[in-house]
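The lines below spell out each chain.
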Amino acid sequence: QVQLTESGGGLVQPGGSLTLSCAASGTMFTIYGLGWYRQAPGKQRELVAIMFSGGNANYADSVKDRFTISRDIDRNTVSLQMDSLNPEDTGVYYCYADHSGGLYWGQGTQVTVSS
């Protein structure tokens, strides 16, 4: 059983930056995919960014030029550097893990970008 704990959410002005962090626990093995989803009010949950154990990363087109994902493979942590934030980035951000045939979710952290 993998547990995911997020931190770093909060309130930021348009054009500002935030960094989200996630720590995975409950496994001694490398997690295959570790990343972030988000859900904005009235919208479906969507993939933001994910990095795989080999170092490859996928980004949503809407964030590709503004967000950067990074991982510490040995420590099973992941971070998301978010720059040039706009109000459409507002939502609950969930850490996500794809590991050993199971899918795991964090509790979510709120990111609010004011108008």
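Look up a bit, the structure's there.
No experiment lies behind these values; they were computed from the predicted model shown.

So, how was this worked out
- Residues numbered from 1 in each chain as written.
- Predicted model: local features only at pLDDT ≥ 70, side-chain atom pairs only at ≥ 80, totals over all residues.
- Heavy atoms only, no water.
- Pairing = 2+ DSSP bridges.
- Helix = DSSP H or I, 4+ residues; strand = E, 2+ residues; numbered from the N terminus.
- Core = buried A, V, L, I, M, F, W, Y, C linked by side-chain atoms within 4.5 Å.
- Buried < 20%, exposed > 50% of the residue type's maximum accessible area, 1.4 Å probe, protein only.
- Contact = heavy atoms within 4.5 Å.
- Disulfide = S-S within 2.5 Å.

Working note: regular strand, side chains alternate between the two faces of the sheet. As paired elements, strand β4 (residues 33–39) and strand β5 (residues 46–52) share six bridges and run antiparallel to each other. Counterpart to R38 in the pairing with β5 is E46. The loop that links β4 with its antiparallel partner β5 comprises six residues; one of these, G42, has a positive phi angle of about 75°. Here three bridges tie β5 to strand β6 (residues 57–59), and the two strands are oriented antiparallel to one another. Bridged to I50 within β6 is N58.

Our focus in this paragraph is the nonpolar core. L4, W36, V48, F67, L80, M82 and Y93 are the most contacted members of the largest nonpolar core, which has 27 residues in total. The set of elements that each furnish at least two residues to this core consists of β3 (18–25), β4, β5, β7 (67–72), β8 (77–82), β9 (91–99) and β11 (109–113). A total of four residues in this core trace back to one element, the largest contributor, which is β3. Beyond its immediate stretch of four places on either side in the chain, L80 contacts L18, T19, L20, W36, V48, A49, F67, T68, I69 and Y93.

All right, on to the pairing of β3 then. Only one face of β3 is buried: it carries L18, L20, C22 and A24, and the other face, with T19, S21, A23 and S25, is open. Judged from the five bridges that link them, strand β1 (residues 3–7) and β3 form a sheet pairing that is antiparallel. Considered in β3, the bridge of T5 is made with A23. Direction of pairing for β3 relative to β8: antiparallel, over a ladder of six bridges. Bridging from a neighbouring strand, T19 pairs with Q81 of β8.

The subject of this paragraph is the environment of Q110. Turning to its location among the elements, Q110 is positioned in strand β11. As for Q110 and Q13, which are separated by 97 residues in sequence, their C-alpha atoms are 14 Å apart. Once residues lying within four places of it in the same chain are set aside, the contact partners of Q110 are G9, G10, T90, G91 and V92.

Right, let's get into the state of the cysteines. With the rule as written, the count across this model stands at one disulfide. Disulfide partner of C22: C95, at an S-S distance of 2.1 Å. One disulfide, between C22 and C95, carries an S-S torsion of -90° and so falls in the left-handed class. Here C22, found in strand β3, pairs with C95, found in strand β9; they are 73 residues apart in sequence, far enough to count as distant. We note that C22, like C95, is buried.

What is shown is where atoms sit, not what they do.
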